[in-house]
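Observations on chain architecture
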There are 6 protein chains.
Amino acid sequence: MSRILTMGEIMLRLSTSNDCRLSEAKQLQVNYGGAEANVAISLANFNHQVSFASKVPNNPLGNAAKKHLHRFGVSTEFLLFGGARLGSYYLENGVGERSSSVIYDRAHSSFTEMERLEWSMDELFHDVELFHVSGITPALSAGWATMTHHLMKEAKKRQVKISFDINYRGKLWSYPEAGKVLATLLPYVDYCSAGKLDAINLLGIEEHELDDLSSYYEQINKIYPNIEVFYSTLRVINSTSDHTLVGTIWSNGSLYRSKKHYLAPIIDRVGGGDAFSAGTLHGILSKCDFDYTVSFATAAAALKHTIYGDCNQFSIEEVEEFMNRQDQRIIR
Amino acid sequence: MSRILTMGEIMLRLSTSNDCRLSEAKQLQVNYGGAEANVAISLANFNHQVSFASKVPNNPLGNAAKKHLHRFGVSTEFLLFGGARLGSYYLENGVGERSSSVIYDRAHSSFTEMERLEWSMDELFHDVELFHVSGITPALSAGWATMTHHLMKEAKKRQVKISFDINYRGKLWSYPEAGKVLATLLPYVDYCSAGKLDAINLLGIEEHELDDLSSYYEQINKIYPNIEVFYSTLRVINSTSDHTLVGTIWSNGSLYRSKKHYLAPIIDRVGGGDAFSAGTLHGILSKCDFDYTVSFATAAAALKHTIYGDCNQFSIEEVEEFMNRQDQRIIR
Amino acid sequence: MSRILTMGEIMLRLSTSNDCRLSEAKQLQVNYGGAEANVAISLANFNHQVSFASKVPNNPLGNAAKKHLHRFGVSTEFLLFGGARLGSYYLENGVGERSSSVIYDRAHSSFTEMERLEWSMDELFHDVELFHVSGITPALSAGWATMTHHLMKEAKKRQVKISFDINYRGKLWSYPEAGKVLATLLPYVDYCSAGKLDAINLLGIEEHELDDLSSYYEQINKIYPNIEVFYSTLRVINSTSDHTLVGTIWSNGSLYRSKKHYLAPIIDRVGGGDAFSAGTLHGILSKCDFDYTVSFATAAAALKHTIYGDCNQFSIEEVEEFMNRQDQRIIR
Amino acid sequence: MSRILTMGEIMLRLSTSNDCRLSEAKQLQVNYGGAEANVAISLANFNHQVSFASKVPNNPLGNAAKKHLHRFGVSTEFLLFGGARLGSYYLENGVGERSSSVIYDRAHSSFTEMERLEWSMDELFHDVELFHVSGITPALSAGWATMTHHLMKEAKKRQVKISFDINYRGKLWSYPEAGKVLATLLPYVDYCSAGKLDAINLLGIEEHELDDLSSYYEQINKIYPNIEVFYSTLRVINSTSDHTLVGTIWSNGSLYRSKKHYLAPIIDRVGGGDAFSAGTLHGILSKCDFDYTVSFATAAAALKHTIYGDCNQFSIEEVEEFMNRQDQRIIR
Amino acid sequence: MSRILTMGEIMLRLSTSNDCRLSEAKQLQVNYGGAEANVAISLANFNHQVSFASKVPNNPLGNAAKKHLHRFGVSTEFLLFGGARLGSYYLENGVGERSSSVIYDRAHSSFTEMERLEWSMDELFHDVELFHVSGITPALSAGWATMTHHLMKEAKKRQVKISFDINYRGKLWSYPEAGKVLATLLPYVDYCSAGKLDAINLLGIEEHELDDLSSYYEQINKIYPNIEVFYSTLRVINSTSDHTLVGTIWSNGSLYRSKKHYLAPIIDRVGGGDAFSAGTLHGILSKCDFDYTVSFATAAAALKHTIYGDCNQFSIEEVEEFMNRQDQRIIR
Amino acid sequence: MSRILTMGEIMLRLSTSNDCRLSEAKQLQVNYGGAEANVAISLANFNHQVSFASKVPNNPLGNAAKKHLHRFGVSTEFLLFGGARLGSYYLENGVGERSSSVIYDRAHSSFTEMERLEWSMDELFHDVELFHVSGITPALSAGWATMTHHLMKEAKKRQVKISFDINYRGKLWSYPEAGKVLATLLPYVDYCSAGKLDAINLLGIEEHELDDLSSYYEQINKIYPNIEVFYSTLRVINSTSDHTLVGTIWSNGSLYRSKKHYLAPIIDRVGGGDAFSAGTLHGILSKCDFDYTVSFATAAAALKHTIYGDCNQFSIEEVEEFMNRQDQRIIR
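What counts and how
- Residues numbered from 1 in each chain as written.
- Chains lettered and ligands numbered in written order.
- Predicted model: local features only at pLDDT ≥ 70, side-chain atom pairs only at ≥ 80, totals over all residues.
- Helix = DSSP H or I, 4+ residues; strand = E, 2+ residues; numbered from the N terminus.
- Rg over C-alpha atoms; globule rule 2.2 N^0.38 Å.
- Buried ≥ 20, exposed ≤ 12 C-beta atoms within 10 Å, placed from the backbone.
- Contact = placed C-beta atoms within 7 Å.
- Nonpolar A, V, L, I, M, F, W, Y, C, P; charged D, E, K, R; others polar.
- Pairing = 2+ DSSP bridges.
- Axes fitted to C-alpha atoms, helices over the stretch in contact; angles between N-to-C directions.
- Least-squares fit on C-alpha atoms with pLDDT ≥ 70 in both.
- Parallel < 35°, antiparallel > 145°, perpendicular 65-115°, else oblique.
- Left-handed = near helix turned anticlockwise from the far one by under 90°.
- Expected span 1.5 Å × (residues − 1).
- pLDDT = per-residue confidence, 0-100.

Quick look at the overall build of chain A now. Regarding its fold elements, chain A presents 11 helices and 14 strands. What you see for chain A is a C-alpha radius of gyration of 19 Å, in line with the 20 Å of a compact globule of 332 residues. Each principal axis of the C-alpha atoms in chain A carries an extent, and together these give about 55 × 50 × 40 Å. Within the span of chain A, comprising 332 residues, buried residues form 58% of the whole. Sequence-distant contacts, at least 24 apart, represent 71% of the contacts inside chain A between residues at least 6 apart.

Structure (structure tokens):
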């Protein structure tokens, strides 16, 4: 059976309850996550064989990250131990009109400070069908921009499909910096998570008519005809606690949309996009049709918002039961 | 002063907070409840003298169930101690689009395994004015279907009024099984909680025009002219966290409706129907008019949704203060 | 640099979580607050030099109140230690249709039982630019009605500006009692927080056309031409968990209104008005224009509702960032 | 079946965990208790029919006190509702060398402010076999000193046995004040809990040879020959967390001692004496011999120290199982 | 690399904090464990490849048990899903003189109700070096007594070493019942955990001189010369919170003893024996000498008592660091 | 009134409860502390005017550190805001035989990365009577070794007394590194906290007879005759939960010893030495005799071990009440 490989940083997240400011908190909730680790866990929940490659310190926090991945069945064969520290971030959870805010404390982490790819490429990609990485990884350092490019080249050499989630983070790099790196990566990408703002801000597509998402994808696709699938969510933010979410998948000139999900109240917004990515990749790998896939992926993303923690914890059966439900009656 | 008797199973409920899946929970909230126990407690809060008859194991969990009833002033004179275990269930509390779900672990409980009525009928019904039981009790076993029938007969012999809440649970029996047993019980019932779906699925009434609830009750009433009062709630489920609730009482050809309550956010949905039942029975026993009764009962049910735990904890004065409030301003 | 002085009672607040009744609570959250203490803390957060004058018992609870003020940088030079007890109150937090309710246990407190002003007036008002007090203080006792009047006279003698928040509490005094005392105080007031109901119930203004707030202020202003600024919030209470809030400032014939804030869900409603008062006073002291001031003050009040505890904890920069935000996206 | 009556104040206790000072506590544990209420609950656990007479405010805290008593099966027929407030106290739990400390906030409570006995004496003592009260009750006010005396007279008129626990509290009255009142009460007492220090400080017995407890009892007995039984515990305090406890009962010239219990670590020391009192009274009422009784009562007291809260929660069977255990092996 | 296989029941454990009785608990801590599962996890922590074979229901609790095993790297290839329920037990944690107590609710579990071995023996024992099972498994039912025997025969056929921990549980079977079954199993056992009481009560060895443990082992060894190693702990129980522990290993006529560990305070006593078993098996499999092995295994058992939960969580390095420490100074 | 100045790093401490390993923790307790900050807070509790100089990032964590200092009345006039991050450390709290362990994550902090003293020396030392710093500060970087030296020179220039706590941390520097730097600092020191091991390992004093602490101090004193007072604690570690503590002060050839304190159980060992330092400095500044001072300081240190968090929270009165107590009886 072929495998999925995701690579990126896994961090310690320390978060407040939503009624308390970080500066007043007497205790913090502990969680471990990162874009690619979250995708790995979701895909493992969907019965795929998944490895997560990263580097964490050889201390209890690195060990905790490993156990978190193990818990959900993600292989840590390519999780390296070493370096100085586990990247961390503080999440002050907002509510209503007050936004959530993040304080990164991820500099000098074991993963960020990696200067070379410490794995054998042959072992890393052995039997791998799909490689998924997000735009956070190349944003971490100049080295990681180069290493991400190198990984994609190595993957492609081995006929591995590549999924890339642009996942732009303004605290890590600027639009021009990101745009330059993305231009080196997108030629390798098969499945790309990007939205209208990514198109305009990072890929140089000119802004035009509202919500005509397809035309943006078409224009990107002209530049990067290798991209088979674009996937993204349209999120309307009524308040920190109340969003609506519609998923979209574009492929071969057609745009598929999920129904609209009402996310209210939101328990934890972090990782919603990763859940959607995993749902989309599950559909693609399982050769489901795009109507099903976009519905499944958006349902998975909607469910993610209802539980605490970065990573989605629902099985295929649970996501499907949720997709098919008429109402929220208790079954008893 | 005459008494009220309710009978049924009381269970240990172990529930998650609404941000955490059961499989990830590190701690569970403990509660004790069951349809008839909940009604007993509400009625005791409304100053009635109430006994709850059941059987629990002679261990700390059985003891805890007894203390829970005592706390609210319910008599446990007819609570038997013995048998193997306290039935329990796990409640994974949902939120927003994610439903709550229940895992029953109630098989082989002390109550379910009862094979005969271990009380003296004369003592049990001594001075009893009203006997209340729900459809969960006859659903537990063939023995309990028969015993419920026997209890109703014994009650009727002694001029005890009978309240019966159909309370259909799909995890306990099928429509045809339930329908067959209900046909043996309904001839004894004076006050019956039933809704449109019960009429159609269980009592063989043909479906017709939307929401014409009266006509369903009239048809049931033709079959069971002994039923003086039908009571029920109309619940619109916008999401797990957001319902509206309207209470109805039908009697003698007239339908009485409460105002619409907006339940958002819902803290705990379990026991909402039992709170309505208790409110209705309180109105009937206190000889209040039906307009007041349906308003009071629905107000009680609405309040129940705002607190954690199965059982309602509001007094007559508190329910009435709530009914008469103009807004939710803090009084200070 | 000149100082702000606020004076009043600081109390221990013991509150339930919003899913639990007070009579069932196994633990209570601890907080310290009071109208004038809350205003003091907010103003200290806005970089003003603030003293809070009061009296607390010389025990761990009095000490905790002092530490609470210190934490936010409020001077306790004029916080006296002595007397019998710290006033306290119990807050049963409501949710949805269920209101929050307060049980006061503030009688016989160190502050309430004060029979004379134990400070030197010269020291108390030394270098003070603004004195703020609420209508709760004169409501505590006949002595405090007189002492409040005396304090205002002493302040005015020294050219100290006076801010007064009517803050009517029906559990402390009746409309006629309050009206009589207010009539002795208002001639000294420069900035007055009052609403339409205060005008009608306490100041003898006749009720007229809906929401024509300006005309009420104009009428009060005719009686008390010394009042330069009226400030108030218009709160629409959809449920305990869901309000809208608009702030207003009236000055010199013009009414300034903030945009409408949607407060849902509300984490803690107590202290919302105090946050607005502090925001208004900050604007006045900083010589901001009224459009900015009313926006700033209402934004501060809106933020207050999103955190637990009586006192607002946001800095000028944080309130302004909030005012200028387009949506509630996480910044990362 | 005859009843037991206890009377006294029941208070709200707010306590810290033992790692946190009261002035730093963010939450407080809630408990309800008082010497006589604790004895009532223990005796109800031992299957006696017990009433607790007191007065509490008609608010959620008074209601919570009632529910607490109900939970353990104590009758509240003679619990009056009215007055201003529930007495409360704050308990800062110590550990190791740091003592626990109590801040009383019990002045002006509904019970303390009672000026006359609001019960019918005939109803109160109807069918009562034993009346138990502690020295805290007459210490509360001059009125309560008189009323306690009156109650004892009324009890004795009706052949009710009287148990009295001297329970001296230095924060409530001085030795001379207490001594004077005790002299009016002891002539009515049948069973008296008193220790050597009580004899010396309150009853005017001259201090003599160490630990010759019998001789003190003999001297008191000469003055009050009506006292049939003295009961007391000898507690050696190694640290706040580590005590040893030996129980003693004196009757008719003989002193009975329990084995020594090692209380380490102590979970909650409050109520240990009340548990011993209840155990002793249970033995006397059940006509057990004094060797058994002193062992039972001390075992009950030892168990009390291992659980949180004022009141003991163990049944006769559990206390006996504890008395007869060889070691602390888990039974499984 | 060869594998270890353990088999048995994994249960949901619901436990109280040590200051609260089960009947008063408002929440319960959730843990998953069982003798053989605990051994599996400890061995996985010691870098062995371990599988745990069992059967759990296909519901969130079964899923949670699986995730618990995954977290520590135990393979669940042979964990079957099906049957009615997960066995559970309630643990009321004691303290000081009060014992911990267990209420089993394990009847009718998916594992207990198994009637045949649903695995292929060839797959189950493929590449297995060691099979470990405890006496709890054959105690569950007559079927499991037979199936355990069958498993041992199948293991032996394939040259798999067998470790057996007698682990007598009086709540599951009587001495004679156990003795009869053990007689069928011990002929297959290579490494046996048994103590003096097991020898006397179960294996028919006559009691003789105190603490001469070797002679008991010698006598058992005469009957079952196949047993190469006996391992056991000598536990002195000073109180629930305070034990001492010495480990022993007997082999080939020699008895090896660890130093004495002082366990005070004990955080969680459950699983201490399993940690010792795992430590012993680790030493044997790693071909360490018995002096090291008994020290290592007892150190692991001592560490287990300092953390909450059934399963030990320490690595080889951590156990060794603990063995070699001079004192408990913080390293910083 | 003259002031005290302390300077050093203040860190975020994230700690587990003592029953849970860091890698399993779902939440962490939040605290702020550091050797010099802890001393500052203790001295402020003893009514001294204290400033703490340091640098923290301009984010919620830096703000929280400031609020923590404010809470206890420490001036933050010299607390700079800037730099990248707040140093942090993780504390896995041990129990019994299991040690506590610390994972530092303090590299690259705002304070450590300081390259020059950003304060005006004149302002910093204005009116300062005593400057206290620990050996952790010069250990942070070569720059800080130089800057500490510079600060001492500047202090001495202004007749400021200098207190220095050697506080050797093996994770920050080696013995030779430390020894070299100490040699540059000790010539400025008036009051020095050092123990026998410091003398031997860092100051080159030869080891000799056990416990003859005076002779070590005499030898150091010969080299550094400027040191007027040596202060230290002798700690016997029976287990992580159980220590004994004796304080010592040496001055002018005489050694003063406190009584022995029994610390069992220990709630939080971190900051015990800082509490002793603060107690000693309080005695010196208040011109108390050394017998009182060593008793006071050791009592303060003993109390520190009974509460959670780095900083001691007891007033002079509370420490003295503790010193003078006969036993741990509750006062009530």
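Continuing now.
Residues and elements named next belong to chain A. Relative to the elements of secondary structure, Arg 3 occurs in strand S1 (residues 3–7). The spatial distance from the C-alpha of Arg 3 to the C-alpha of Val 50 is 5.7 Å, given a sequence separation of 47 residues. Ignoring anything within four residues of it in the chain, the contact list for Arg 3 reads Gln 49, Val 50, Ser 51, Asp 127, Val 128 and Glu 129.

What follows deals with the interface of chain D and chain C. Across the boundary between the two partners, chain D contributes 22 residues, which contact 22 residues of chain C. By residue class, the composition of the side of chain D that touches chain C is 10 nonpolar, 6 polar and 6 charged. Bridging between strand S3 (residues 27–33) of chain C and strand S3 (residues 27–33) of chain D involves 3 bridges; their strand directions are antiparallel. Each residue of the ladder has a partner; that of C:Gln27, found in S3(D), is D:Gln29.

Taken in spatial order, the 8 strands make up an open sheet running S7(A)-S6(A)-S2(A)-S3(A)-S3(F)-S2(F)-S6(F)-S7(F), and their pairing is mixed. If you trace the sheet from one side to the other, it starts and ends with strand S7 (101–105) of chain A together with strand S7 (101–105) of chain F, each paired once. Taking each pair of neighbouring strands and ignoring which way they run, the sheet shows an average axis angle of 30 degrees. Across 5 bridges, strand S2 (residues 11–15) of chain A lies against strand S3 (residues 27–33) of chain A in antiparallel orientation. Residue A:Arg13 lies in a different strand from S3(A), and its bridge partner there is A:Asn31.

On to the sheet that holds strand S7 (residues 101–105) of chain E, then. Pairing within the open sheet is mixed, and its 8 strands lie in the order S7(B)-S6(B)-S2(B)-S3(B)-S3(E)-S2(E)-S6(E)-S7(E). This sheet does not close on itself; its edge strands, each paired only once, are strand S7 (101–105) of chain B together with S7 of chain E. The average angle at which neighbouring strand axes cross in this sheet is 30 degrees, direction not considered. Pairing between strand S6 (residues 88–92) of chain E and S7(E): 5 bridges, direction antiparallel. Across the sheet, E:Ser88 pairs through a bridge with E:Asp105, a residue of S7(E). Its contacts with the sheet place helix H2 (residues 60–71) of chain B against strand S2 (11–15) and strand S3 (27–33) of chain B together with S6 and S7 of chain E, and it is angled at close to 60 degrees to S3(B).

It takes a turn of 120 degrees to lay chain C on chain A, together with a shift of 0.0 Å along the axis; the resulting RMSD is 0.0 Å. The transformation just described matches what one would write down for a three-fold rotation axis. Among all C-alpha atoms of chain C, that of C:Pro265 lies closest to the rotation axis, at 5.0 Å. Little of the interface of chain C is mirrored in chain A, where only 5% of its interface residues are also at the interface.

Here the focus is the interface of chain C and chain A. The partner chain A presents 21 residues to the 19 residues of chain C that form the contact. Sorting the residues of the side of chain C that touches chain A by element identifies strand S14 (261–263) and helix H10 (290–304) of chain C as the ones contributing at least two each. Counting residues per element, the side of chain C that touches chain A draws most heavily on S14(C), at 3 residues.

Residues and elements named next belong to chain B. Running from N to C, helix H9 (residues 272–285) and helix H10 (residues 290–304) cross one another at 150 degrees; their axes reach a closest spacing of 7 Å. With respect to H10, the axis of H9 lies roughly antiparallel. For the crossing formed where H9 meets H10, the hand is right-handed. Residues Gly 272, Ala 275, Phe 276, Ala 278, Gly 279, Thr 280, Gly 283 and Ile 284 of H9 touch H10, and the partners they reach there are Tyr 292, Thr 293, Phe 296, Ala 297, Thr 298, Ala 300, Ala 301 and Lys 304. Across the contact of H9 with H10, the residue classes break down as 9 nonpolar, 6 polar and 1 charged.

On to the relation of the copies chain D and chain C. The two copies are related by a screw operation: chain D maps onto chain C through 180 degrees of rotation and 0.0 Å of translation along the axis, at an RMSD of 0.0 Å. Look at the turn and shift together and you get a two-fold axis relating the two. Residue D:Leu28 of chain D places its C-alpha closer to the rotation axis than any other residue of that unit, at 2.7 Å. The share of interface residues of chain D whose copies in chain C are also at the interface is 100%, consistent with both copies meeting through the same surface.

Peptide bonds are mostly trans, and most non-glycine residues show a negative phi. Note the cis peptide between D:Ala264 and D:Pro265, where omega equals -5 degrees. Within the secondary structure, D:Pro265 is located in the loop between strand S14 (261–263) and helix H9 (272–285). The phi dihedral of B:Asp127 is positive, around 65 degrees, even though this residue is not glycine. Within the secondary structure layout, B:Asp127 lies in the loop between helix H3 (121–125) and strand S8 (128–134). Overall, B:Asp127 belongs to the exposed group, with 12 C-beta atoms counted inside 10 Å. One non-glycine residue, C:Asn47, lies in the positive phi region at around 75 degrees. Here C:Asn47 is to be found in the loop between helix H1 (35–45) and strand S4 (50–56). Using a count of 12 C-beta atoms within 10 Å as the deciding quantity, one classes C:Asn47 as exposed.

The subject of this paragraph is helix H2 (residues 60–71) of chain D. Residues and elements named next belong to chain D. Along its 12 residues, H2 runs 16 Å from first to last C-alpha, staying within 8% of the 16 Å computed at 1.5 Å per residue. Along H2, 11 of the 12 residues are buried, which leaves the element largely enclosed by surrounding structure. Buried within H2 we find Pro 60, Leu 61, Gly 62, Asn 63, Ala 64, Ala 65, Lys 66, His 68, Leu 69, His 70 and Arg 71. Following H2 by one or two positions, Gly 73 has its phi on the positive side, about 90 degrees.

Across chain A, the average pLDDT comes to 96, with 99% of residues at or above 70. Both scores are given for the predicted complex: the pTM is 0.96, the ipTM 0.95.

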